[in-house]
Amino acid sequence: WVLIDGVRYTDNFGGVVRSSSKMHKVYVKQEILDKAKKYTVVLALIPERPAYFPKTTETFEKEYSFRPLPSGDIHAYMLADTHSKVDEPARAAGYFGEDGLDLLIMGGDNGNTADDEESVLTMAKIAAVVAKGEIPVVYVRGNHDNRGAYAEFLAEYVSTDGVKPYFPIKLGRVFGIVLDAGEDKLDSLDAYGDIADYTE
């Protein structure tokens, strides 16, 4: 869970806190995080989850500072088509210097494909190095993020509006729309093997 000003926010489905996934998404209203300017991530292992009296291990906690977007000039950097590279894009995003970046935009095609979890996690690795959990990160899906066995699980790893990868955003005084066209060719293309439905 995530702890902000004594309030616990969990990754849950209809009240059932998820414990089997290695990746968790916790939703917090932006104004709450902006006001607190810090949050604590709390983890615990659950060796087994019986129907009654599940046991957890001791908790591990890490506190993060958070910087909402400033009211003046905003330094944003967009990384796209990084294709499984981490070090070079992270260095490029350091353009504004230490603590000079206010907003990181991940413009898609962060992994070469979505063939495996490692490819999908490229965006998280870049965000961890660049944003350090301290600034807002916006993710926009690219067409290569749609290709491979892990593409169907992408929504578990990135922010979405329910199942939709396109949505409006508001960060401080910045308003925007995350656009997503799915693929850059017709759904009927043989390369998609009849498992593309981006028209919908």
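Our structure's up above, just so we're on the same page.
Below or above, wherever it landed, is the structure these notes cover. Only a predicted model underlies this, so the values are computations on that prediction, with no experimental measurement involved.

Rules and cut-offs
Residue positions within a chain follow its written sequence, with the count starting from 1. pLDDT decides what is reported in this predicted model: residues at 70 or higher carry local features, side-chain atom pairs at 80 or more are listed and counted, and totals for whole chains, interfaces and linings draw on all residues regardless. Neither water nor hydrogens contribute to the side-chain values; these are computed over all heavy atoms in the structure. Take the buried residues of types Ala, Val, Leu, Ile, Met, Phe, Trp, Tyr and Cys, join any two whose side-chain atoms come within 4.5 Å, and each joined set is a nonpolar core. Relative accessibility thresholds used throughout: buried, under 20% of the residue-type maximum; exposed, over 50%; partly exposed, between the two (1.4 Å probe, protein chains only). Helix and strand assignments come from DSSP, with helices taken as H or I runs of at least 4 residues and strands as E runs of at least 2, each series counted from the N terminus. Residues count as neighbours in contact if any of their non-hydrogen atoms are within 4.5 Å of one another. The pairing criterion for strands is at least two bridges between them, as found by DSSP. Crossover handedness is defined by viewing with both strands directed away from the observer: a clockwise path from the first strand over the helix to the second marks the crossover as right-handed. Here, axes are lines fitted to C-alpha atoms. For helices the fit covers the stretch in contact, and angles between N-to-C directions go from 0 to 180 degrees. Think of a salt bridge as a Lys or Arg side-chain nitrogen and an Asp or Glu carboxyl oxygen that are within 4 Å of each other.

**Some thoughts on the nonpolar core**
1) Next: One finds Leu104, Met123 and Val130 to be the most contacted residues of the largest nonpolar core, which totals 21 residues.
2) Next: Of all elements in the fold, only β8 (103-106) and α4 (122-130) reach the threshold of two or more residues within this core.
3) Next: Counting residues per element, this core draws most heavily on α4, at 4 residues.
4) Next: When near neighbours in sequence (up to four residues on either side) are disregarded, leucine 104 contacts Tyr77, Leu79, Ala127, Val130, Ile135, Pro136, Val137 and Val138.

**A short note on the pairing of β8**
1) Next: Of the pairings in the sheet, the one linking strand β7 (residues 76-79) to β8 comprises 4 bridges and is parallel in character. Note that in β8 the partner of tyrosine 77 across the bridge is leucine 104.
2) Next: Each parallel crossover has a hand, and for β7 linked through helix α2 (residues 87-92) to β8 it is right-handed.
3) Next: Bridge count for β8 against strand β9 (residues 137-139) is 3 bridges, and the pairing is parallel. Among the inter-strand pairings, methionine 106 is bridged to a residue of β9, identified as tyrosine 139.

**With respect to the sheet that holds β8**
1) Next: The 3 strands lie next to each other as β7-β8-β9, forming an open sheet whose pairing is parallel. At either end of the open sheet lies a strand with only one pairing partner, and these are β7 and β9. Mean inter-strand twist for the sheet, computed between neighbouring axes without regard to direction, equals 15°.
2) Next: Lying over the sheet, α4 contacts β7, β8 and β9, oriented at roughly 165° with respect to β8.

**Considering the pattern of salt bridges**
1) Next: One pass over the full model with this rule turns up 10 salt bridges.
2) Next: Its salt-bridge partner being glutamate 117, residue lysine 22 comes within 3.0 Å of it at the nearest N-O pair. Here the residue lysine 22 occupies a position in the loop between β4 (16-17) and α1 (30-36), and glutamate 117 occupies one in helix α3 (residues 117-120), the gap between them amounting to 95 residues.
3) Next: By relative accessible area, which is 71% here, lysine 22 ends up exposed.
4) Next: With relative accessibility at 19%, the residue glutamate 117 sits in the buried group.
5) Next: Across the pair arginine 147 and glutamate 183 runs a salt bridge whose closest N-O atoms are separated by 2.8 Å. Of the two residues, arginine 147 is situated in the loop between β9 and β10 (167-171) and glutamate 183 in the segment after β11 (174-178); the sequence distance between them amounts to 36 residues.
6) Next: Residue arginine 147 is classed as partly exposed on the basis of its relative accessible area, which comes to 27%.
7) Next: Assessed through its relative accessible area of 9%, glutamate 183 is described here as buried.
8) Next: Here the salt bridges share partners, and the residues they tie into one network are Arg147, Glu183, Asp184 and Lys185.

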